[in-house]
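# Tertiary structure, described
Chain by chain, the residues run as shown.
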Amino acid sequence: MHVKVHETRSQAHGASEERKVTGKQKAESKSQDSASPKKAKTEEDTVQENETLENGIRAEFEKFCKTIAEHLSVKQMREILEANSQYSSGDDDAVVPRCQDIMFFGPLDNCPICGGKLECSGDSYHCVGDYSEWSSCVYSTMEPPRREESLKLPKSVESTPIADLIKKRGDPKKSRPKKEISAPRRPFDGMLISLAGRLTRTHVAKSFCAQQYWKSKIEKYGGKVNNSVTGVNCLVVSPAERDRGGSSKVAEAVEKGIPVVREAWLSDSIEKEQSQSLDAYDIASDIAVEGRGIPLDKMDPSAEALETVTAELKVFGKRGVHKDTKMQDEGARILEKDGLLYNCALSVCNQKRELNDFCVMQLIMSPENRLHMYYRKGRIGDSLRADDKLEEWENVDDAIKEFARLFEELTGNEFESWEREKKIQKKHHKFFPIDIDDGVEVRHGALGLRQLGSAAAHSKLDPAVANFMKVLCSQEIYRYALMELGHDSPEIPIGMLTDLHLRRCEEILLHFVQKVKTMKETGKAAEGVWNEFCQRWFTLLPSTRPFTFRDYADLAEHAASAYETIRDINFASRIIEDMSGSTLDDPLFERYKKLRCSVSPLEKESDDYKMIVNYLEKTYEPVKVGDMSYGVSVENILAVELSACPSLDEIKKLPNKVLLWYKEFKSFEALAERFLAFSLFTSPTGVHGRFGRAIVCSDAAAEAAKYGFTAIDRPEGFLVLAVASLGEEIREFPSPPKDTRALEEKKIGVKGLGRRKTDEKEHFFWKDDIKVPCGKLIPSEHNDSVLEYNEYAVYDPQQVSIRYLVAIKFDEQGVVYDTAEPEQ
């Protein structure tokens, strides 16, 4: 420990008194100085003096601690903490240094954020209180606030031989040294680390390999890299080592009992500014034959994606018997009695306490009327290590009482009040119910693309429409959407939530958005506000990888966007339902009827088809993903008539109509059911759009294509063309307005001016008076705009009508394929 003593005001005054001299002494001193000039004090001299002072204080503190340890018991130290209103819980090993700290440096004041108690932990101090019932306080510091008051001693200490020493040291009128850390500890200080395998940090320059990248990072953060595993603290390996079964270097480390950890341990330790637990990133046990498996949040993202996209959903809805019970195949069902279904899923997220857990409880009745209770609890994304038990109960009433007892123990609330009236109050450190709806989640009810191939072939729908419905009803697109958001845990049917639960999520998000806009907190206080929201958010919408949002962009990208996608997938689940029956029954046609719309292919020789292709080609620019660029080609165009949308005839009666590319979504397939069944919605949150709660379009297909692009391995997508009426009054902004409330209330049309625009010389009118801003993209007069292309915002859904779905394929540009025949 490095400590410094700062000179107090009384000390400084005393020193000045001692330095008083007479005029004669001054003259003599001046004469001596001129005769024998002193060397000016250098920075090195100052550093040496500080080090000497620190060493003296450190020695004094160590001597004091030794004396205290010899004369006081742990019980007495705990009593001292309690007498001074300090944090006194925890193990004996934690109590001793905590008590020594306040006796030498002074009692700690309460947390300035939540008012909770502070705990000394090594060189740092953190709050042990709760910010709210949803979140622990995250305040931490190396310079804690301390009370300017004398240390209080309990009676058991006042009679000890060292009472006077403690009182003297604990007197604030005396000199109390201020504890300071000379240099903050780095994550890998004192650690020797070995690297193995083809590590993945290849986003650096190609000439700078990942091994070299991590070597420089480890050294920067205090560690050293060793080529062999001899004497190292751990061996860091690449994700590929798990698939290979481990190299000889890994085998040697396992034999010597050296921890073998995933690459994520390095990045997480650096990000969190302290070395993470090696056990949490252990890979050795997974490589072994009896391996336990890797939790999803510790997997390489590509491996996690493969795992969750193919994982079986454990519970498909409120009546879904958990797959791991093996009872669903026997025809077992969830117990329902007196209007109550005994099936609940619970969640809790508290990153400060390293909690991200789920719990599933079910009362299951077998076909033979034998009742079982299933209980499963564990960390989200780590199903293999979850605790579960399946017990048979002879008495139904006893089983119901036990179910209710467990629910109250886990949540702090009564089960019947929750299940009947949805009355619930979040309790500190307790679980919160995920309100599952009665239905079938799309990850369970939908079929795979291959299975739907035969359904499309036998459908009475037009082949192009049948193929479109095949895409909408495939499991893969919804699995991918949830995987990309990190809300893909197979334990909880996140795509089958009640409207009440979704509204709760929306209200919390909207409330927080308003709070952010008016927030006065800064620094640690602001960090507490953001952290509280995140714990609340990831409790309601569990994620395999919860994290703390830092700014408005995070909120838009990872909260608002995630919420809207999950809401849309819930719509999809209700439309698709269970498709596990025979595909010869034309399930695609049945789902098509639910969409309440008509979809028909455009003839490729028609004028409208040619117009749309021209509009796309003129206003498109390649989408860039990393070093690659992607062009686009039109596969098909579908004309759409929506019952929930105003018809073209109705729209034509409105002023200032424009044919535009709709842009506010990231994966058309995952959201298509909502668009087709319920028209275009304005964003309920207004978070992820620059224009608030608006339907946002663009006159550049290049802008829409950014959102229509799904993934490199899934090049197919859709773009939406809609006719939008901008209304009588249109306001133009060189950048999106900061406050959109007046625009929303008056439903004023907005045109955001981008850095690039379509050439107005090429614009034309379609169907009499609908403007088509089709033209080559050229630089505009607004070089400083945050918008790349022009964007249009409409605040009334009844002023927008979807007209066309353009099926496109993204093509990699600049790739030359070898088509030469191989030599015999």
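Okay, so let's go over this structure. (Residues numbered from 1 in each chain as written. Predicted model: local features only at pLDDT ≥ 70, side-chain atom pairs only at ≥ 80, totals over all residues. Heavy atoms only, no water.)

## Here's the deal with the environment of Ala 702
Note that Ala 702 resides in helix α27 (residues 701-708). Its relative accessible area of 3% is what places Ala 702 among the buried residues. Separated by 83 residues in sequence, Ala 702 and Thr 619 have C-alpha atoms that sit 6.2 Å apart. Not counting residues within four places of it along the chain, the set of residues in contact with Ala 702 comprises Thr 619, Tyr 620, Glu 621, Leu 777 and Tyr 789. (Helix = DSSP H or I, 4+ residues; strand = E, 2+ residues; numbered from the N terminus. Buried < 20%, exposed > 50% of the residue type's maximum accessible area, 1.4 Å probe, protein only. Contact = heavy atoms within 4.5 Å.)

## Looking at a negative patch on the surface
Side chains of Glu 312, Asp 329, Glu 330 and Glu 368 sit close together on the surface and give a patch of like negative charge. If you trace the backbone, Glu 312 turns up in the loop between α13 (301-310) and β8 (333-334). (Patch = residues over 30% accessible without salt bridge, like charges linked within 9 Å, V, L, I, M, F, W, Y side chains within 5 Å. Areas by Shrake-Rupley, 256 points an atom, 1.4 Å probe, with all protein chains shown as cover. Salt bridge = Lys/Arg side-chain N within 4 Å of Asp/Glu carboxyl O. Lys, Arg positive; Asp, Glu negative; His and termini not counted. Charge placed at Lys NZ, Arg CZ, Asp CG, Glu CD.)

## Describing the pairing of strand β21 (residues 716-725)
Judged by how many residues are buried, β21 sits mostly within the fold: nine of 10 residues are covered. As paired elements, strand β19 (residues 657-662) and β21 share six bridges and run antiparallel to each other. Within the sheet, the bridge partner assigned to Trp 661 lies in β21 and is Leu 721. With nine bridges connecting them, β21 and strand β29 (residues 800-812) associate as antiparallel partners. Within β29, the residue paired with Gly 717 across the bridge is Ile 808. (Pairing = 2+ DSSP bridges.)

## Considerations on the sheet that holds strand β4 (residues 192-196)
Remark on secondary structure: sheet strands pair via backbone hydrogen bonds, oriented parallel or antiparallel. Reading across the sheet, the four strands line up as β5-β4-β6-β7 and stay open at both edges, with parallel pairing between neighbours. Both outer strands of the open sheet, β5 (224-225) and β7 (260-262), are each paired with one neighbouring strand and no more. Bridge analysis of β4 against strand β6 (residues 234-237) gives four bridges, and the strand direction is parallel. Bridge pairing in β6 places Ser 194 opposite Leu 235. Sheet strands in contact with helix α11 (residues 264-271) are β4, β6 and β7, and its direction is about 70° off that of β7. (Axes fitted to C-alpha atoms, helices over the stretch in contact; angles between N-to-C directions.)

## Brief notes about empty space enclosed by the protein
Tallied over the entire structure, the rule returns three cavities of 30 Å³ or more. Its volume calculated, the largest cavity comes out at about 50 Å³. If you trace the largest cavity, you find it lined by Asp 130, Ser 132, Glu 133, Trp 134, Ser 135, Val 348, Cys 349, Asn 350, Lys 426, His 428 and His 429. Grouping the amino acids of the lining of the largest cavity by side-chain chemistry returns three nonpolar, five polar and three charged. (1 Å grid on protein atoms, 1.4 Å probe; cavity = no way out; pocket = protein on both sides within 12 Å on 5 of 7 lines; lining within 4 Å. Points joined across faces, edges and corners; volume = space filled by probe spheres on them. Nonpolar A, V, L, I, M, F, W, Y, C, P; charged D, E, K, R; others polar.)

## A look at the environment of Gly 727
With respect to the element layout, Gly 727 can be found in the loop between β21 and β22 (730-733). The spacing of Gly 727 and Leu 654 is 73 residues in sequence and 7.0 Å in space, taken between C-alpha atoms. Aside from chain neighbours lying at most four places away, what touches Gly 727 is Pro 655, Asn 656 and Gln 799.

## Considering the pattern of salt bridges
Counted according to the given criterion, the structure contains 37 salt bridges. A salt bridge links Lys 256 to Glu 252; the nearest nitrogen and oxygen atoms lie 3.1 Å apart. Assessed through its relative accessible area of 45%, Lys 256 is described here as partly exposed. Glu 252 gets classed as partly exposed once you look at its relative accessible area, which sits at 32%. Here Glu 402 and Arg 405 are joined by a salt bridge, their closest N and O atoms 2.9 Å apart.

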